[in-house]
Amino acid sequence: IIHELAHIISYDEPFDASDSANTECHEYFEIHGCPTQDSYLGMFTDEFWRKADLERAIRFSNSADAYEEAADYYDSHGTLYVTDYAAIGPEEDFSESFMYFVLDISVPRDTDAKEKKDFFAEFSELVLVRKEILSGL
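For clarity, every value in this text was computed on a predicted model and none was experimentally measured.

Trainee: So what exactly am I meant to see when it comes to the pattern of salt bridges here?
Mentor: Inspection of the entire model under this criterion finds five salt bridges. In this structure, D53 and R56 form a salt bridge, with 3.5 Å as the shortest nitrogen-oxygen distance. Residue D53 and its partner R56 are both found in helix α4 (residues 51–61); the two are separated by three residues, about one turn of the helix. Like D53, the residue R56 is buried in the burial classification.

This is the structure in structure tokens:
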């Protein structure tokens, strides 16, 4: 449920975000829906996903074996993601990382996966969301 909630949150903008629109959208997002630059997903993608990563995500999304390919990629690039499912694309990376943030699941220090998990702590409103979720468990 936390992972799915993150998909909803991902296209929202922080309370203090400016109202700038995204003028460029990578082909990946033309297929999946282009987030604004100031959305959580837009900022997350800008910070953690290079153009080559998005190109790989397009290949995964066009493959019948996307989950297996992502798992294979994760096997050799595990420090970049919190789970193998996160390697599929930025939306899944965002949602899996958010889930790890909320549940405070440990990840190795000094890794991109840790930076992704910690990304959410930069936003006081997401810290409050985590607190609210945990109070209901």
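Trainee: Please explain the nonpolar core as it appears in this structure.
Mentor: Here is a general trend for soluble globular proteins: nonpolar side chains tend to be buried in one another's company. F44, W49, F94, F98, F119, F120 and L126 are the most contacted members of the largest nonpolar core, which has 35 residues in total. Listed by contribution, the elements that provide at least two residues to this core are α1 (2–10), α2 (27–32), α3 (40–48), α4, α5 (66–77), α6 (90–103), α7 (112–119) and α8 (124–135). When near neighbours in sequence (up to four residues on either side) are disregarded, F94 contacts A6, S10, Y40, L41, F44, F119 and F120.

Trainee: So what exactly am I meant to see when it comes to a negative patch on the surface here?
Mentor: Together, D46, E47, D110, D112, E115 and E122 make up a negatively charged patch on the protein surface. Taken together, the elements giving at least two residues each to the negative patch come down to α3 and α7. Structurally, E47 can be placed in helix α3. Classification of E47 by relative accessible area gives partly exposed; the value is 46%.

Trainee: Sorry if this is basic, but what is going on with the state of the cysteines here?
Mentor: Here is the idea: a disulfide is a covalent bond, and it sits between the sulfur atoms of two cysteines. Under the counting rule described, the total for this entry stands at one disulfide. Residue C25 pairs covalently with C34 via a disulfide, S to S 2.3 Å. With the S-S bond torsion at 135 degrees, the cross-link from C25 to C34 turns out right-handed. The class of C25 is partly exposed, set by a relative accessible area of 23%.

Criteria and cut-off values
Residues numbered from 1 in each chain as written. Predicted model: local features only at pLDDT ≥ 70, side-chain atom pairs only at ≥ 80, totals over all residues. Heavy atoms only, no water. Salt bridge = Lys/Arg side-chain N within 4 Å of Asp/Glu carboxyl O. Helix = DSSP H or I, 4+ residues; strand = E, 2+ residues; numbered from the N terminus. Buried < 20%, exposed > 50% of the residue type's maximum accessible area, 1.4 Å probe, protein only. Core = buried A, V, L, I, M, F, W, Y, C linked by side-chain atoms within 4.5 Å. Contact = heavy atoms within 4.5 Å. Patch = residues over 30% accessible without salt bridge, like charges linked within 9 Å, V, L, I, M, F, W, Y side chains within 5 Å. Areas by Shrake-Rupley, 256 points an atom, 1.4 Å probe, with all protein chains shown as cover. Lys, Arg positive; Asp, Glu negative; His and termini not counted. Charge placed at Lys NZ, Arg CZ, Asp CG, Glu CD. Disulfide = S-S within 2.5 Å.

Take it as geometry only, folks, not as evidence of what the structure does.
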